[in-house]
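# Residue-level structure breakdown
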Amino acid sequence: MDPVNLPALTRYDFSRVRNMWEPLVLEVVAGLIQRWEMCDCQDCVLDVTALALSSLPAKYWVLDKYDVLTTPDSFLTDANNKRLAEESVLRALRLVEKNPHH
Ligand SMILES: [Zn+2]
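Residues numbered from 1 in each chain as written. Predicted model: local features only at pLDDT ≥ 70, side-chain atom pairs only at ≥ 80, totals over all residues.

### Structural notes on the overall build of the chain
Selection criterion: Starting at the N terminus, helices and strands are each numbered in turn, a helix being any DSSP run of H or I of at least four residues and a strand any DSSP run of E of at least two. Note on burial: count the other C-beta atoms lying within 10 Å of the residue's C-beta; 20 or more is buried, 12 or fewer is exposed, in between is partly exposed, and C-beta positions come from the backbone. Each residue is represented by a C-beta atom placed from its backbone, and any two residues with such atoms within 7 Å are regarded as in contact.
Counting its regular elements, the chain contains 4 helices and 2 strands. Taken from the N to the C terminus, the helices and strands of the chain come in the order β-α-α-β-α-α. Dimensions along the principal axes, computed over C-alpha positions, put the chain at roughly 45 × 35 × 20 Å. In the chain, buried positions account for 14% of the 102 residues. Long-range contacts, defined as pairs at least 24 residues apart, comprise 83% of the intrachain contacts of the chain with a sequence gap of at least 6.

### What to know about the environment of Arg 94
For Arg 94, the location among the structural elements is in helix H4 (residues 79–98). With 10 residues separating them in the primary sequence, Arg 94 and Leu 84 have C-alpha atoms 16 Å apart.

### Examining the packing of helix H2 (residues 42–55) against H4
To keep it simple, the criterion reads: To get an axis, fit a line to the C-alpha atoms, keeping to the stretch in contact for a helix; angles then go from 0 to 180 degrees between the N-to-C directions. Reported orientations rely on four angle classes, namely roughly parallel under 35 degrees, roughly antiparallel over 145, roughly perpendicular from 65 to 115, and oblique for the rest. A clockwise turn of the near helix away from the far one marks a right-handed crossing, whereas an anticlockwise turn of less than a right angle marks a left-handed crossing.
For the pair H2 and H4, the least separation of the axes is 8 Å and the interaxial angle reads 130°. The orientation of H2 with respect to H4, classified from their angle, is oblique. The handedness of the crossing between H2 and H4 is right-handed. Residues Cys 44, Asp 47, Val 48, Leu 51, Ala 52 and Ser 55 of H2 pack against Ser 88, Val 89, Arg 91, Ala 92, Leu 93, Leu 95 and Val 96 of H4.

### Some thoughts on unusual backbone geometry
Its identity as a non-glycine residue notwithstanding, Trp 36 has a phi of 55°, on the positive side. As for its placement among the helices and strands, Trp 36 is situated in the loop between helix H1 (22–34) and H2. The class of Trp 36 is exposed, set by 8 C-beta atoms lying within 10 Å.

### Comments concerning the environment of Lys 65
Inspection of the secondary structure assignment puts Lys 65 in the loop between strand S2 (60–62) and helix H3 (72–77). Residue Lys 65 is classed as exposed on the basis of its 10 C-beta neighbours within 10 Å. With 49 residues separating them in the primary sequence, Lys 65 and Arg 16 have C-alpha atoms 9.4 Å apart.

Take a look at the structure:
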């Protein structure tokens, strides 16, 4: 079942609800792939991304709108958030490397 296709929800664009950590996590993953520091197969890349995002506190914003407390830009350029994203990706990578699905 795809909840987005429930009759009461079909007129809303839920793709505008975005995980704020995702751009930071994907930037770290891209760097690891480019430097040949992780397996670049689809299974490993998606597993590392999902694990890393799951270990970070939930944080979402609606695309094209500003969060009341934090604008996406200040969140994405915050050095501490970048460090947290990097740590979560490296932790996830160690787990996936121990038990790869490829
Ligand atoms: Zn792999």
